[in-house]
Amino acid sequence: MSKTADIGEHYDKRSPIGDELRNGQLHMWYWYDREDDASLPEAVHRMTRKVTDTLGLRAGEHVLDAGCGPGETAVYLATRFGVRVTGITVSRFEIDRAVQRASSGGVAGTVTFAYDDFMSLSCPDATFDAVLALESLQNAPDLDQVLAELYRVLRPGGRISFSDFSLADQGDPARVATFMDTLKLPRLPTLPQWLEHARAAGFEIEEYTECGPRVFGQKAKYLETALRMRDEVTAKFGEDAVDEFSRLHHGFFVPRRNQIGYVIVSARKPHR
Ligand SMILES: C[S@@+](CC[C@H](N)C(=O)[O-])C[C@H]1O[C@@H](n2cnc3c(N)ncnc32)[C@H](O)[C@@H]1O
């Protein structure tokens, strides 16, 4: 199986329950601390807002949601900012779910989804005003190649924002290796390495943040919250599917809370 098909299958297996738990946003949460009473979908939506706000979107712009998941983010962008969105993913489950979402969200005219590989996109140069890669670059087999491809499809002066895991503490590498294996991460850059890759592709960095303590650092809070939602999810998917979902994610929780960071980076393709 190709690496891309393998990643597609990885998400086809995990996304249905992930979609249910996080309301269509298959990325990390943002909780200020253990006392923060935001629900899981709210905490996940906070991350959507934090990352997408850095894009500075204007009505009518065309946005690529590169690695779009089951579509909630694209629908949010179209509704909130009046932009056109093209979402791409390599998961068939995600496309079907995303198309349903755009339709029920009343934005099917401005939001479209397609199966496409961000390592080699089918659209021409300079198609988009902005590119979002919300926790999707992590799976790219070659980070320089995907960044070059996203640079190609952005117009001069266009913006990119991405968020992803980072390596925050070099100690205890075996725990980090288990995490990477579980999530199919071919690499785990530090924040300076993420910035270096983006600069090497030609982007000018304009803003970045590292918020790991409020993201992976709150893994215990996620577990508590997900356990509270277990009966509801089991009623929909069945006990076996929920057990399998938990088994597939076991390695995610293995690193110590300060080992895995989380970066948000916003950059621009120069105007020339
Ligand atoms: C962790 S999920 C994040 C999904 C979405 N951005 C969100 O936040 O809800 C990673 C996404 O990247 C997509 N992805 C991974 N490799 C890809 C590739 N080569 N081309 C396109 N999408 C890819 C997956 O299909 C999945 O939708």
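To keep things clear, this report deals only with the structure shown in the data block. (Residues numbered from 1 in each chain as written. Predicted model: local features only at pLDDT ≥ 70, side-chain atom pairs only at ≥ 80, totals over all residues. Heavy atoms only, no water.)

**Some thoughts on the site of the ligand**
In step 1: In the vicinity of the ligand, 19 residues are found, and the nearest of them are Leu-26, His-27, Gly-67, Glu-94 and Asp-117.
In step 2: Within the backbone of Leu-26, a nitrogen or oxygen atom sits 2.7 Å from an oxygen atom of the ligand.
In step 3: Within the backbone of Gly-69, one N or O atom sits 3.1 Å away from an oxygen atom of the ligand.
In step 4: In isolation the ligand exposes 590 Å². Once the protein is present, 98% of that is buried.
In step 5: Only α1 (3–22) and β2 (84–89) provide two or more residues apiece to the shell around the ligand.
In step 6: Residue classes in the shell around the ligand are distributed as eight nonpolar, seven polar and four charged. (Near = heavy atom within 4 Å. Polar contact = N/O pair within 3.5 Å; in protein donor to acceptor, adjacent residues only side chain to side chain. Areas by Shrake-Rupley, 256 points an atom, 1.4 Å probe, with all protein chains shown as cover. Helix = DSSP H or I, 4+ residues; strand = E, 2+ residues; numbered from the N terminus. Nonpolar A, V, L, I, M, F, W, Y, C, P; charged D, E, K, R; others polar.)

**Observations concerning the packing of α1 against helix α4 (residues 92–104)**
In step 1: For the pair α1 and α4, interaxial distance at closest approach is 8 Å and the crossing angle is 35°. Seen from α1, the contacting residues are Tyr-11, Asp-12, Ser-15, Pro-16 and Asp-19; seen from α4, they are Arg-92, Phe-93, Glu-94, Arg-97 and Arg-101.
In step 2: Here the contact of α1 with α4 is built from residues that sort into three nonpolar, one polar and six charged. (Axes fitted to C-alpha atoms, helices over the stretch in contact; angles between N-to-C directions. Contact = heavy atoms within 4.5 Å.)

**Some points on the nonpolar core**
In step 1: If you look at the biggest cluster of nonpolar residues, it comprises 54 residues, and the most contacted ones within it are Trp-29, Leu-77, Phe-165, Phe-179 and Tyr-262.
In step 2: The element best represented in this core is helix α3 (residues 72–81), accounting for six residues.
In step 3: Among residues more than four places away in sequence, those in contact with Phe-179 are Phe-165, Leu-185, Phe-216, Gly-251, Phe-252, Pro-255 and Ile-260.
In step 4: Ala-140, Leu-150, Leu-154 and Ala-267 belong to the second largest nonpolar core, which has 30 residues in total. (Core = buried A, V, L, I, M, F, W, Y, C linked by side-chain atoms within 4.5 Å. Buried < 20%, exposed > 50% of the residue type's maximum accessible area, 1.4 Å probe, protein only.)

**Considerations on the environment of Thr-178**
In step 1: Looking at the element boundaries, Thr-178 is found in helix α6 (residues 173–183).
In step 2: On the basis of relative accessible area, Thr-178 is assigned to the partly exposed category, the value being 33%.
In step 3: Residues Thr-178 and Arg-58, 120 residues apart in the sequence, show an inter-C-alpha distance of 41 Å.
In step 4: Apart from residues lying up to four places away in sequence, Thr-178 is in contact with Gly-251 and Val-254.

**Here we look at the sheet that holds strand β1 (residues 62–66)**
In step 1: Pairing in this open sheet of seven strands is mixed, and the strands run β3-β2-β1-β4-β5-β7-β6 from one edge to the other. Each of the sheet's edge strands pairs with one partner strand only, and the pair in question is β3 (111–115) and β6 (204–210). Strand-to-strand, the axes of this sheet are offset by a mean angle of 15°, without reference to chain direction.
In step 2: Bridging between β1 and β2 involves five bridges; their strand directions are parallel. Counted as the bridge partner of Val-63 is Val-85 from β2. (Pairing = 2+ DSSP bridges.)

**Quick look at the pairing of β3**
In step 1: In the sheet, β2 pairs with β3 via five bridges, with the strands oriented parallel. Of the residues in β3, the one forming a bridge with Ile-88 is Ala-114.
In step 2: For the crossover that starts at β2, traverses α4 and ends in the parallel β3, the hand is right-handed. (Right-handed = clockwise from strand over helix to strand, strands pointing away.)

**A short note on unusual backbone geometry**
In step 1: A positive phi angle, near 60°, is found at Glu-135, a position not held by glycine.
In step 2: Considering the arrangement of structural elements, one finds Glu-135 in the loop between β4 (128–134) and α5 (143–153).
In step 3: Positive phi, normally seen in glycine, also occurs at Asp-172, with a value near 55°.
In step 4: Checked against the element boundaries, Asp-172 lands in the loop between β5 (154–167) and α6.

**Thoughts on the side chain of His-62**
In step 1: Here His-62 is to be found in strand β1.
In step 2: Residue classification places His-62 among the buried residues on the basis of a relative accessible area of 11%.
In step 3: The contacts of His-62, once residues within four sequence positions are left out, are Arg-84, Val-85, Thr-86, Thr-127, Phe-128, Asp-129 and Ala-130.

**Digging into the packing of aromatic side chains**
In step 1: Summed over all chains, the structure comprises 14 aromatic pairs.
In step 2: Ring plane angle 85° and centroid distance 5.5 Å describe the contact between Phe-179 and Phe-216, whose orientation is recorded as edge-to-face. Of this pair, Phe-179 sits in helix α6 while Phe-216 sits in the loop between β6 and α8 (219–228), and the two are 37 residues apart along the sequence. Both residues of the pair, Phe-179 and Phe-216, belong to the buried class.
In step 3: Ring centres 4.9 Å apart and planes at 80° place the aromatic pair Phe-252 and Phe-253 in the edge-to-face group. (Phe/Tyr/Trp six-rings, centres within 6.5 Å; stacked < 30°, edge-to-face > 60°.)

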